[in-house]
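The residues making up each chain are set out below.
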Amino acid sequence: MTAISAASDMGLNTRIVTNASWATTPEKAREKLSQLRAAGLRELNISADDYHLPFIAFDRVKTLWFAAKEFDFSSVLIANCAGPNSVITPEWIKNELGEDLPTRFDDDGNSQISDTVEGKTFYGLSNANIQRVRYGFEEDVQSWEVGDADLNRPCPYAGRSISMSPDGHLLACCGFEFDADSPLRFGSVEEQPVDEIISAAYDGVILNAIASIGPFGVMKVVQSVAPEVPFRDDYNSICEICFDVTQRPDARKALMRATPILARFFIDQQVAAE
Ligand code: SF4
């Protein structure tokens, strides 16, 4: 609440992502929402998918969803991750709520949320594909056909959707928590001013490579210097590639060897632009 208030006072947009476990009754949901809204909260995301629902009954999601309609948030979204074998899908959720909600992303992964109207709450479904990274990888065996053409693209979030780890380090995005040795994990806000951390991060070769060439292109460069480093042939998303390239110790070691090639690429690009 304190953080929301402080961010709101600074004119920053604020959002929480919640599993709705606290929405045990409409009254409790309303009470908490009222406090959050008074603190300045603008956006509410409620998680609901196969991985949450064994622990949190969908009734709580429903309770929170309908309670939120009594408040003027700028957007209220149900965040769903699904794959081809999922039970809890956007269609399932729409059916349970009895509402035909717009989905946030189109088939190409482009956000459609820019269609929001000022002063009017956007209600919708934030539909994402399951990412087989970190804790989800062992249990989630879902895979589907994603061609190289879909994977070979820049990351629109690297350095543009910076988040903070629980121990105060800035991270390149809010995709997953990068470990201590990752080139996408930056300095600690407890030790350095935020603008200095960000400025140094923006000079980083790997961050720029992920943001401009994309993880697929970076993986190809890594493979060119270290063909012995194995990569999967069934990636579902660019984040899965990003995870392997920047987190796996063998790939990361090769990535460090590939960094001068990536740096050269940017220097050549800059020279060409001048
Ligand atoms: S590709 Fe990497 S930097 Fe971009 S959103 Fe995914 S995990 Fe984050």
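Values in this document were obtained by computation on a predicted structure and should not be read as measured data. (Residues numbered from 1 in each chain as written. Predicted model: local features only at pLDDT ≥ 70, side-chain atom pairs only at ≥ 80, totals over all residues. Heavy atoms only, no water.)

### Considerations on the packing of aromatic side chains
Inference 1: Under the definition given, this model contains three aromatic pairs.
Inference 2: Ring geometry for F71 against F73: centres 6.2 Å apart, planes inclined by 45°, an arrangement best described as tilted. Neither F71 nor F73 differs from the other in exposure class; each is buried.
Inference 3: Cation over ring: K69 sits above Y123, and NZ or CZ is 4.9 Å from the ring centre.
Inference 4: Above the plane of the ring of F231 lies R248, whose end atom (NZ or CZ) is 5.2 Å from the centre. (Phe/Tyr/Trp six-rings, centres within 6.5 Å; stacked < 30°, edge-to-face > 60°. Buried < 20%, exposed > 50% of the residue type's maximum accessible area, 1.4 Å probe, protein only. Lys NZ or Arg CZ within 6 Å of the ring centre and 35° of its normal.)

### Concerning the pattern of salt bridges
Inference 1: Taken as a whole and judged by the stated rule, the model has 13 salt bridges.
Inference 2: Here K94 makes a salt bridge to E91, at a shortest N to O gap of 3.3 Å. Taken together, the residues K94 and E91, both in helix α4 (residues 90-97) and three residues apart, mark about one turn of the helix.
Inference 3: Since its relative accessible area comes to 54%, E91 is described here as exposed.
Inference 4: Overlapping salt bridges, with partners in common, bring together E91, K94 and D100 in one network. (Salt bridge = Lys/Arg side-chain N within 4 Å of Asp/Glu carboxyl O. Helix = DSSP H or I, 4+ residues; strand = E, 2+ residues; numbered from the N terminus.)

### Here we look at the domain arrangement of the protein
Inference 1: Looking at the protein, the domain boundaries give domain 1 (2-130) and domain 2 (163-273).
Inference 2: Computed from C-alpha atoms alone, the centre-to-centre distance between domain 1 and domain 2 is 30 Å. (Domains from an automatic or database assignment.)

### Describing the sheet that holds strand β6 (residues 169-171)
What links the strands of a sheet is backbone hydrogen bonding, and the strands pair in either a parallel or an antiparallel sense.
Inference 1: If you trace the three strands from one edge of the open sheet to the other, you get β5-β6-β7, paired in antiparallel fashion. With one partner strand each, in any of the chains shown, β5 (163-164) and β7 (185-188) form the two edges of the open sheet.
Inference 2: Here β6 runs beside β7; their pairing, made up of two bridges, is antiparallel. From the neighbouring strand, L171 faces β7, where its bridge partner is R185.
Inference 3: Here helix α7 (residues 194-202) sits on the sheet and contacts β6 and β7; the angle it forms with β7, its principal contact strand, is near 155°. (Pairing = 2+ DSSP bridges. Contact = heavy atoms within 4.5 Å. Axes fitted to C-alpha atoms, helices over the stretch in contact; angles between N-to-C directions.)

### Description of the environment of D50
Inference 1: Looking at where D50 falls in the secondary structure, it is placed in the loop between β2 (43-47) and α3 (58-68).
Inference 2: In this structure D50 comes out as partly exposed when scored by relative accessible area, which is 22%.
Inference 3: For the pair D50 and A82, spaced 32 residues apart in the sequence, the C-alpha separation amounts to 7.7 Å.
Inference 4: Setting aside its immediate chain neighbours within four residues, D50 contacts N85, S86, V87 and I88.
Inference 5: Of the polar contacts made by the side chain of D50, one reaches the backbone nitrogen of V87; its length is 3.0 Å.
Inference 6: Separated by 2.7 Å, the side chain of D50 and the backbone nitrogen of I88 make a polar contact. (Polar contact = N/O pair within 3.5 Å; in protein donor to acceptor, adjacent residues only side chain to side chain.)

### Comments concerning the sheet that holds β2
Inference 1: Strand order in this open sheet of four strands is β1-β2-β3-β4, and the pairing throughout is parallel. Two strands close off the open sheet at either side, each with one partner strand: β1 (15-18) and β4 (122-129). For this sheet, the mean inter-axis angle between neighbouring strands, taken without regard to orientation, is 20°.
Inference 2: In terms of strand pairing, β2 meets strand β3 (residues 75-82) through five bridges, oriented parallel. Bridging from a neighbouring strand, L44 pairs with V76 of β3.

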